[in-house]
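# Descriptive analysis of the structure
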There are 2 protein chains.
Amino acid sequence: MAYTKVVIVGGGFGGLQVATRLRRAPLDIYLIDKTNHHLFQPLLYQVASAALSPADVAIPLREILRGQTNTTVIMGEVVDLDKEKRLITLGNGDIVGYDYLVLAVGARHSYFGHDEWEEVAPGLKTVKDALQIREKVLLSFEKAERSDSIQEAAKYLNFVIIGAGPTGVEMAGAIAEIAHKTMFKNFRRIKPEKSKIYLIEGAPRVLPPYPETLSIRARKDLEKLGVQVLTGTIVSEITSEGVKFGNQTIEAKNIIWAAGNQASPLLRKLDTELDRQGRVIVEPDLTIPDHPEIFVIGDGALAKDKKGNPLPGIAPVAIQQGQYVAKLIRKNINDEKRKPFRYRDKGSMATIGKFKAVGYLGKIKFKGIFAWIFWAGLHVGYLVGFRNRFSVMLQWFFHYLTGIRGARLINRSIEEDLPKGRGTKITN
Amino acid sequence: MAYTKVVIVGGGFGGLQVATRLRRAPLDIYLIDKTNHHLFQPLLYQVASAALSPADVAIPLREILRGQTNTTVIMGEVVDLDKEKRLITLGNGDIVGYDYLVLAVGARHSYFGHDEWEEVAPGLKTVKDALQIREKVLLSFEKAERSDSIQEAAKYLNFVIIGAGPTGVEMAGAIAEIAHKTMFKNFRRIKPEKSKIYLIEGAPRVLPPYPETLSIRARKDLEKLGVQVLTGTIVSEITSEGVKFGNQTIEAKNIIWAAGNQASPLLRKLDTELDRQGRVIVEPDLTIPDHPEIFVIGDGALAKDKKGNPLPGIAPVAIQQGQYVAKLIRKNINDEKRKPFRYRDKGSMATIGKFKAVGYLGKIKFKGIFAWIFWAGLHVGYLVGFRNRFSVMLQWFFHYLTGIRGARLINRSIEEDLPKGRGTKITN
């Protein structure tokens, strides 16, 4: 007798949760991911800011599921699906059939119709993104040092982060620390501590979904670190030379996008209702209409709380959805008997810099060093794998003690990006 | 009064040694490197084999020289030099003048006139090289798992390493460990432990410059790990499908080149005598004829020992040469009064796998676990930076205890490399 086939697409927080919760079930499970690793995205900004190595926050899916014999990991990209035949198609035409399908495919950044901004203002979702941002930021200091005027150097020392959600706030704080602490005394011609870091947000305050007192505190903390915070500001143009808003321009060679999300385009193949961000409007049991065997969870799903407000695209939502779906599948619960998914909000946290964080847990608010210690403990605790926890703690120990960032690596050449043929004499 | 200007090109073992030995001298020092980091090359194969992260073996030059105020680090690529005007030119046309010039520019791999082999048989010199090899090796197991026949999978599970010097021996041992230990139970369709690893060497034995008993021991250790060693074998053709020698062919998708070196092409601009490998034939004081102000050290120099034998391209030679040159510059010793450079051979070591290494120190030979412990201690001890030493020890602790390799990251897509349109059904 053939086992029931469960195909999970995406090895992020949601998808991995479904797989591991089914570890003892008599099922035939396939976990498909484009990459070979589960990414601990809440710490990805620390890779982009050179404090951690990619391997600290990315764990091979095969390694996590090594002993789980009912599960096969497939590295591959799903490009099509057929709801009626219950088949999905991979990039090279290979086919995977399913009885249950769980789409936990996540989101990429959205540039609100300005896709051309991506090249100059990269976003932060994958390890590759983080390495590109890291290289760009580090290379910028090097280019400033090779500049032949203060004006030219200034452009390389201006950093603009667009979007003041948790990722934007964390990146702005980290870049301020790089400029003012990490790079201290590293250069002879420029002063990295003269860098200007701008954080631009369209809403009236940073961390918009947080309680207002925490937004105010986060802004103060950022300003103490030297970040210039511009709220209520809508960017109208981004080029390789800078950012425009209203009738102002900031000249900057470093622009990072942390403003908008767009769910994976694969979800369009479901031929069901999506919202403006491309998320699937799911039923109360996280399925799509008329297909109780297809679940959509995580950043790709628009699910709602009791009051009808959409749930945010954060790890705890994806994890709880994964647990819920695993239970339905494990018990093979008929769609008429399913209780709706309910999210238990355990709060939210964002870190701003060394010993600085804000967070809330129900009505309780945290800030300052206590919030930071809580943040650090929680994140290390939730990391998968013993080795990764140790490694992150060790890197943090050195980083927060000395200000040194251990992963300051540039692998590409600097020459091609510099103005040519000026014959600037570097020695005097 | 202007200080004497010392320009060092290359921040490897030799160049960095010159800079740090001049730390208290009243000089104006410039250290120029293409990348932003000093690379601890003896452990680079551990990055290529996913045991360490790049940041563990690469330390920013600026960080090392942060407190050394007489030294300016310049990230840049030297493309030309003018011996008469005492100027060097960077990629974008910027100019650096010098009073003393130290060329510590290293070597790349050489394909003995078959440059087209580079694309299919990458070598291992830089962090970028190591990451490419790592991705290729890891991706190969994934492709094998996605193959639709045993024959196709076998090609992806065949690994060929060409050249059995220390790098080749170390890579072969590491890949054998990956296949037989790290990947154990990670796959459901293939058995990684059925991988075949070939180590091909033109000379009659592995580790040709080592004492013969050690070569024999290294070969035995490799064979115990499952490596097939082919000595006295000259490769005649390499393609993306495999390797030819004599009238034999090994079908393999993974080929790694560890066979030949070619000194940096920049040295040709010196317009002085080079050997077949492009190395500068230096004077006894490591300068070039008629230019006592230009030194060439490390892998780019052909220096000789008392008996007239060329010195090998290894870190201890570069380091001792750096110390020698720093002394001449610091004391501003006239070229007529310079004593010739003498290399004190402190021995050599190569590691084969967990608890397996060979080495010698004068007439004393080491092998087995004692050699391995000595190897591990020596390499951690010589690593620059406290943080890196700790991090490497921690990674090793987990790696050698559990067989897990912490840096198993693939960032590129698998689909483009797979045969298309076969419609293979993955689920049964």
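Up top is the structure.
The present account deals with the structure reproduced in this document.

On to the overall build of chain A, then. Regarding its fold elements, chain A presents 11 helices and 25 strands. Its C-alpha atoms give chain A a radius of gyration of 23 Å, within 12% of the compact-globule value 22 Å for 428 residues. Along the first, second and third principal axes, the C-alpha atoms of chain A reach 80 × 50 × 45 Å. With 428 residues in all, chain A has 59% of them scored as buried. Accessible area for chain A stands at about 18100 Å²; split by element, carbon and sulfur atoms hold 52% of it. Each charge class in chain A was averaged separately, 61 positive and 45 negative side chains, and the resulting centres sit 8 Å apart.

Note on the identical chains: chain A maps onto chain B by a rotation of 180° and an axial translation of 0.0 Å, with an RMSD of 0.0 Å. As the rotation angle and translation indicate, the two copies are arranged about a two-fold axis.

The subject of this paragraph is the pattern of salt bridges. Residues and elements named next belong to chain B. The tally for this structure, following the rule as stated, stands at 42 salt bridges over all chains. A salt bridge links Glu416 to Arg412, with the shortest nitrogen-to-oxygen separation between them at 3.6 Å. Relative accessible area serves as the criterion here: at 55%, Glu416 is assigned to the exposed category.

A few words now on the interface of chain A and chain B. Counting residues at the interface gives 77 residues for chain A, matched by 77 residues for chain B. For the pairing of chain A and chain B, the buried interface totals around 6600 Å² over both sides, and the portion due to carbon and sulfur atoms is 52%. Where chain A touches chain B, the interface holds six salt bridges. One salt bridge in this structure joins B:Arg146 and A:Asp94, with 3.5 Å as the shortest N-O distance. In this assembly, chain A and chain B are joined by 47 residue pairs in polar contact (both at pLDDT 80 or more). Within the side of chain A that touches chain B, the residues separate by chemical class into 30 nonpolar, 25 polar and 22 charged.

Scanning all chains against the criterion turns up 36 aromatic pairs over all chains. Ring pairs connect the aromatic residues A:Phe355, A:Trp372, A:Trp375, A:Trp396 and A:Tyr400, which therefore count as one cluster.

As a further point, take the packing of helix 5 (residues 127-146) of chain B against helix 7 (residues 166-182) of chain B. All names here are of chain B. It is the contact of helix 5 with helix 7, at a shortest axis distance of 12 Å, that shows an interaxial angle of 35°. Regarding helix 5 and helix 7, the two cross each other, and that crossing is right-handed. Residues Ile133, Val137 and Phe141 of helix 5 lie in contact with helix 7, whose contacting residues are Met171, Ile175, Ile178 and Ala179. Across the contact of helix 5 with helix 7, the residue classes tally to seven nonpolar, no polar and no charged.

For the rest of this paragraph, the subject is the pairing of strand 1 (residues 4-9) of chain B. Residues and elements named next belong to chain B. For strand 1, a buried count of five out of six residues is recorded, marking the element as mostly surrounded by other parts of the structure. When strand 1 meets strand 2 (residues 27-33), the two strands line up parallel, connected through six bridges. Looking at the pairing, Val7 lines up with Tyr30 of strand 2. Assessed by its sense of winding, the connection that carries the chain from strand 1 through helix 1 (residues 13-21) to strand 2 is right-handed. As paired strands, strand 1 and strand 9 (residues 100-103) are joined by four bridges and run parallel to one another.

The rules behind each value
- Residues numbered from 1 in each chain as written.
- Chains lettered and ligands numbered in written order.
- Predicted model: local features only at pLDDT ≥ 70, side-chain atom pairs only at ≥ 80, totals over all residues.
- Heavy atoms only, no water.
- Helix = DSSP H or I, 4+ residues; strand = E, 2+ residues; numbered from the N terminus.
- Rg over C-alpha atoms; globule rule 2.2 N^0.38 Å.
- Buried < 20%, exposed > 50% of the residue type's maximum accessible area, 1.4 Å probe, protein only.
- Areas by Shrake-Rupley, 256 points an atom, 1.4 Å probe, with all protein chains shown as cover.
- Lys, Arg positive; Asp, Glu negative; His and termini not counted.
- Charge placed at Lys NZ, Arg CZ, Asp CG, Glu CD.
- Least-squares fit on C-alpha atoms with pLDDT ≥ 70 in both.
- Salt bridge = Lys/Arg side-chain N within 4 Å of Asp/Glu carboxyl O.
- Contact = heavy atoms within 4.5 Å.
- Buried area = accessible area lost by both parts, 1.4 Å probe.
- Polar contact = N/O pair within 3.5 Å; in protein donor to acceptor, adjacent residues only side chain to side chain.
- Nonpolar A, V, L, I, M, F, W, Y, C, P; charged D, E, K, R; others polar.
- Phe/Tyr/Trp six-rings, centres within 6.5 Å; stacked < 30°, edge-to-face > 60°.
- Axes fitted to C-alpha atoms, helices over the stretch in contact; angles between N-to-C directions.
- Left-handed = near helix turned anticlockwise from the far one by under 90°.
- Pairing = 2+ DSSP bridges.
- Right-handed = clockwise from strand over helix to strand, strands pointing away.

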